[in-house]
Amino acid sequence: MFIVWRKEWINEYESPWSVFEKVSLANHISRTEILKTLGNDEVKKIRNNLFTNNRRELIELRGFDSNILKQYLGEDLSILNKSVISTILKPVKYYQEPIRTWFPQSLYWCPECIKRGYHSWLHQFSLVHSCPIHQIELLSSCPKCLNPIPFLLSDCALNEPFTCKCGFKLADFGSTPWSQWKMKIEIADASVFKWIEQGKRDDSNRFLFTPQVSSIQHFTLEPRVKSKYFFNVKVALRQDYLYRDEFKNDLYNENSRCFKAIDQYIRKKFIKKHLKCILMLQELRKNENEEFPPICPYAYAYVFWKQTLLGREHFYNNLVISRRRPGITVVTELIESIIDDYKTKLFAHTNLSIYDNREMFNWVLNRVTSELCLNYFYEWLKIAVEGAEQISVPNRDKIDIMLQNSIPRAILKHNSDVRHNQRIEIMLPSVARTINLNEFKCPLSTKTMKKLLFKMNTFKPLSVAMRIYENSSDENKRIESYVNQYVAKLRI
Ligand SMILES: [Zn+2]
Ligand SMILES: [Zn+2]
Ligand SMILES: [Zn+2]
């Protein structure tokens, strides 16, 4: 078989996705035929053309034969891929994330570049959200039918070359499409340019961040916070020190200290005037023969923030912090796995396992934990007015989303060698916190209500059970069922 192709139609940083679309267009052959023609022996053996995504993937090009690619396209695309991907990932080469974290499974493209048949690895790179050439937002779904397109050599979302199943044309070429295919790639976005330049230098700086919530622009922000210098470096006596009780207790105590500081901050900033409201909610106070009074939105946000963060079962039980139980490494149990993830990264990206720089380790973890806890409180503030009014709490799935929204945006820059006196820099993208506290109406703000509070009795499930134990009257049973219903509405 002969195919129409010129090597120069493969542009800098170009992904195989657009290369194959162009092959398909220039030769009037389907994507399946491309795979069949350029595929390896295994693919060629498959008779019914039912290829799994594993054979259609475009990162390693596992379904293709290197020699045939070179023979037909003048370039071994799998070698080209490797080189481009390694250039892009160089600044984070110490990360042990799965490749899908950096190059997601669905296609991201620039509406302008695609008009010239160009899709770039830089578009597909998860930290890039706007086209480095045109500086316009990337698309990840068809503008007409809103369906995503998989980053695969696949017909499942596409029709003709560069055309969605719904008929929308991502690119519309005239009679000689290839006249436009050779492009000069000029990166206009300074942060992308810096990112690639930085990869060329082999330095010992390390970025600590969560890829899923980060953007390449954040890496070039002026650092907002700089740490002090760290001195107390000792050589760890045993390399397994991080598995030992001494280390775990230290981690727990630091986390506890950190949580208390954030708790104090929130109380001072938001809760100062609502301590009674908190008491009322937590102690389930109300007048005899009356319904529960309305919930104060500040108390609502605070109590449920704290209950869930500490991983407690009931909001009406005491939320004090106790000594570490075996198996537990942090006070803030809800975010244990996120903290753990940062801890693992920090150890993997440095020589912390040999040199015990506890001071630096704690500083970093506390910084991340504080931001996480505070973000999570804002998530509760967002839903507090509605939740308090409707006497309802989010379910576990919703809490998970709130937690995802709370993952720190901060990017910490530190050195891989923790023996060095170093200054940790933090790039902190601004987060829009759109909470209108004017909508927060505290039902207890009137003096009479405050006085009333002390005449109210507590109706915690345990005290109601005691009432029944002492006197199992119908009235007490009715109260019990009312209280149980109320508490069930606020159960997470
Ligand atoms: Zn573009
Ligand atoms: Zn479409
Ligand atoms: Zn209040």
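By the naming in an unreviewed UniProt entry, the protein is TniQ family protein, taken from Paenibacillus peoriae.

Caption draft 1: Region of interest: the coordination of the zinc ion (ligand 2). Donor atoms from the polypeptide that bind the zinc ion (ligand 2) are Cys142 (SG), Cys145 (SG), Cys164 (SG) and Cys166 (SG), placed at 2.2 to 2.3 Å. Taken together, the four donor atoms coordinating the zinc ion (ligand 2) and their angles of 105 to 114° define a geometry best described as tetrahedral. Here the donor residues of the zinc ion (ligand 2) are spaced in sequence according to C-x2-C-x18-C-x1-C. Separated by 24 residues along the polypeptide, Cys142 in the loop between α8 (121-124) and α9 (190-200) and Cys166 in the loop between α8 and α9 bring together distant segments of the chain. A relative accessible area of 28% means that Cys166 is categorised as partly exposed.

Caption draft 2: Fine view of the UniProt feature "domain: TniQ" (unreviewed entry) in the protein. In this numbering, the UniProt entry assigns the feature "domain: TniQ" (unreviewed entry) to residues 14-138. Helix makes up 46% of residues 14-138 and strand 0%, with an end-to-end C-alpha separation of 15 Å.

Caption draft 3: Spatial organisation of the coordination of the zinc ion (ligand 1). Note on the zinc ion (ligand 1): its protein donors are Cys110 (SG), Cys113 (SG), Cys131 (SG) and His134 (ND1). The metal-donor distances range over 2.0 to 2.4 Å. Relative to the metal, the four donor atoms surrounding the zinc ion (ligand 1) lie at angles of 101 to 116°, and the coordination shape comes out tetrahedral. Read in sequence order, the donor residues coordinating the zinc ion (ligand 1) give the pattern C-x2-C-x17-C-x2-H. Note on accessibility: Cys110 and Cys113 belong to one class, buried.

Caption draft 4: Structural detail: the sheet that holds strand β1 (residues 205-208). Reading across the sheet, the four strands line up as β1-β6-β7-β2 and stay open at both edges, with antiparallel pairing between neighbours. The two strands at the open ends of the sheet, each matched to only one other strand, are β1 and β2 (225-226). Direction of pairing for β1 relative to strand β6 (residues 411-415): antiparallel, over a ladder of four bridges. Along β6, the bridge assignment pairs Asn205 with Asn415. On top of the sheet, helix α14 (residues 358-390) reaches β1, β2, β6 and β7 (425-427); it is set at about 175° to β6, its chief contact.

Caption draft 5: Main features of the pattern of salt bridges. Across all of its chains, the model carries 23 salt bridges by this definition. As a salt-bridge pair, Arg55 and Glu42 come within 3.1 Å of each other at their nearest N and O atoms. Here Glu42 lies in helix α3 (residues 41-45) and Arg55 lies in helix α4 (residues 53-56), a separation of 13 residues in the sequence. Relative accessible area serves as the criterion here: at 25%, Arg55 is assigned to the partly exposed category. When its relative accessible area of 48% is taken as the criterion, Glu42 is described as partly exposed. One salt bridge connects Asp341 with Lys345, and the closest N-O pair in it is separated by 3.2 Å. You can see Asp341 and its partner Lys345 sitting in helix α13 (residues 336-349), four residues apart, about one turn around the helix. Taking the relative accessible area as the measure of exposure, Lys345 reaches 6% and is therefore buried. When salt bridges with common partners are traced through the structure, they connect Glu246, Asp250, Asp356 and Arg358 into a single cluster.

Caption draft 6: Representation of the packing of helix α11 (residues 275-282) against helix α12 (residues 297-309) in the model. It is at 9 Å that the axes of α11 and α12 come closest, and there the two elements cross at 60°. One element, α11, and the other, α12, form an angle in the oblique class. Considering how the two elements wind past one another, α11 and α12 form a crossing that is right-handed. Taking contact as the criterion, the partners of Cys277, Ile278, Leu281 and Gln282 in α11 are, on α12, Ala299, Tyr300, Tyr302, Val303 and Phe304.

Caption draft 7: Molecular detail of the packing of aromatic side chains. In total, this model carries 38 aromatic pairs according to the counting rule given. Seen from their ring centres, Phe347 and Phe361 are 5.6 Å apart, and the 70° between their planes marks the pair as edge-to-face. You can see Phe347 sitting in helix α13 and its partner Phe361 sitting in helix α14, a full 14 residues away along the chain. Phe361 matches Phe347 in its accessibility class, with the two residues each being buried. Chaining the aromatic ring pairs together yields one cluster made of Tyr94, Tyr95, Trp102, Phe103, Trp121, Phe125, Phe151, Trp195, Phe207, Phe209 and Phe219. Geometry around Phe459 places Lys286 over its ring, the cationic atom sitting 4.2 Å from the centre. Across from the ring centre of Tyr355, 4.6 Å away, lies the NZ or CZ of Arg419, which sits over that ring.

Caption draft 8: Local environment of the nonpolar core. If you look at the biggest cluster of nonpolar residues, it comprises 156 residues, and the most contacted ones within it are Phe20, Leu73, Phe125, Trp305 and Trp380. With 16 residues, α14 is the single largest residue contributor to this core. Of the domains in this structure, domain 1 (7-191) and domain 2 (229-458) are the two that each give at least three residues to this core. If we skip the residues at most four places from it in the chain, Phe125 touches Ile88, Leu89, Trp102, Phe103, Trp195 and Ile216.

Caption draft 9: Structural detail: the side chain of Gln124. Tracing the sequence through the fold places Gln124 in helix α8. Judged by its relative accessible area of 0%, Gln124 is buried. Once you skip the residues sitting within four places of it in the chain, Gln124 turns out to touch Trp102, Phe103, Pro104, Ser106, Leu107, Tyr108, His119 and Phe151.

Caption draft 10: Representation of the packing of helix α1 (residues 16-27) against helix α2 (residues 31-38) in the model. As a packed pair, α1 and α2 sit with axes 10 Å apart at the nearest point and diverge in direction by 105°. Taken together, the axes of α1 and α2 lie roughly perpendicular to each other. Judged by residue contacts, Phe20, Glu21, Val23 and Ser24 of α1 engage Arg31, Ile34 and Leu38 from α2. By residue class, the composition of the contact of α1 with α2 is four nonpolar, one polar and two charged.

So, how was this worked out
- In this convention, every chain numbers its residues from 1, walking through the sequence in written order.
- Numbering of ligands from 1 and lettering of chains from A proceed in the order in which they are written.
- Side-chain atom pairs in this predicted model are given and counted only at pLDDT of 80 or more, local residue features only at pLDDT of at least 70, and totals for whole chains, interfaces and linings cover all residues.
- Only hydrogens and water are set aside; all other atoms, that is, all heavy atoms of the structure, feed into the side-chain values.
- Keep in mind that water is not among the atoms, so a site may look incomplete; donors are the N, O and S atoms within 2.8 Å of the metal, or 3.2 Å for Na, K and Ca.
- Metal sites are grouped by the angles between bound donors: all angles between 85 and 135 degrees with four donors is tetrahedral, opposite donors over 155 degrees apart with the others between 65 and 115 is square planar for four donors and octahedral for six, and any other pattern is irregular.
- Runs of E in the DSSP output that reach at least two residues are strands. Runs of H or I that reach at least four are helices, and both are numbered from the N terminus.
- Accessible area is worked out with a 1.4 Å probe on protein chains only. A residue is then buried under 20% of its type maximum, exposed over 50%, and partly exposed in between.
- UniProt positions are given in the numbering used here, feature names are shortened, and annotations may be inferred rather than shown by experiment.
- Strand pairing is defined by DSSP finding a minimum of two bridges between the two strands.
- Between two residues, a contact is recorded if the distance between any of their heavy atoms is within 4.5 Å.
- Axis angles are defined between N-to-C directions and span 0 to 180 degrees, where every axis is a line fitted to C-alpha atoms and, for a helix, only to the segment in contact.
- When a carboxyl oxygen of Asp or Glu is within 4 Å of a side-chain nitrogen of Lys or Arg, the pair counts as a salt bridge.
- When an angle is under 35 degrees it counts as roughly parallel; over 145 it counts as roughly antiparallel; between 65 and 115 it counts as roughly perpendicular; any other value is oblique.
- Crossing handedness is read from the near helix: turned anticlockwise from the far helix by less than a right angle, it gives a left-handed crossing, and turned clockwise, a right-handed one.
- The aromatic pairing rule takes the rings of Phe, Tyr and Trp, using the six-membered ring of Trp, and pairs them if the centres are within 6.5 Å, calling planes under 30 degrees apart stacked, those over 60 edge-to-face and the rest tilted.
- To sit over a ring, a charge needs its Lys NZ or Arg CZ within 6 Å of the ring centre and within 35 degrees of the ring normal.
- Residue types Ala, Val, Leu, Ile, Met, Phe, Trp, Tyr and Cys, when buried and joined through side-chain atoms within 4.5 Å, form a set referred to as a nonpolar core.
- Either an automatic procedure or a domain database provided the assignment from which the domain bounds are taken.
- Lys, Arg, Asp and Glu make up the charged group, whereas Ala, Val, Leu, Ile, Met, Phe, Trp, Tyr, Cys and Pro make up the nonpolar group; the residues left over, Gly among them, are polar.

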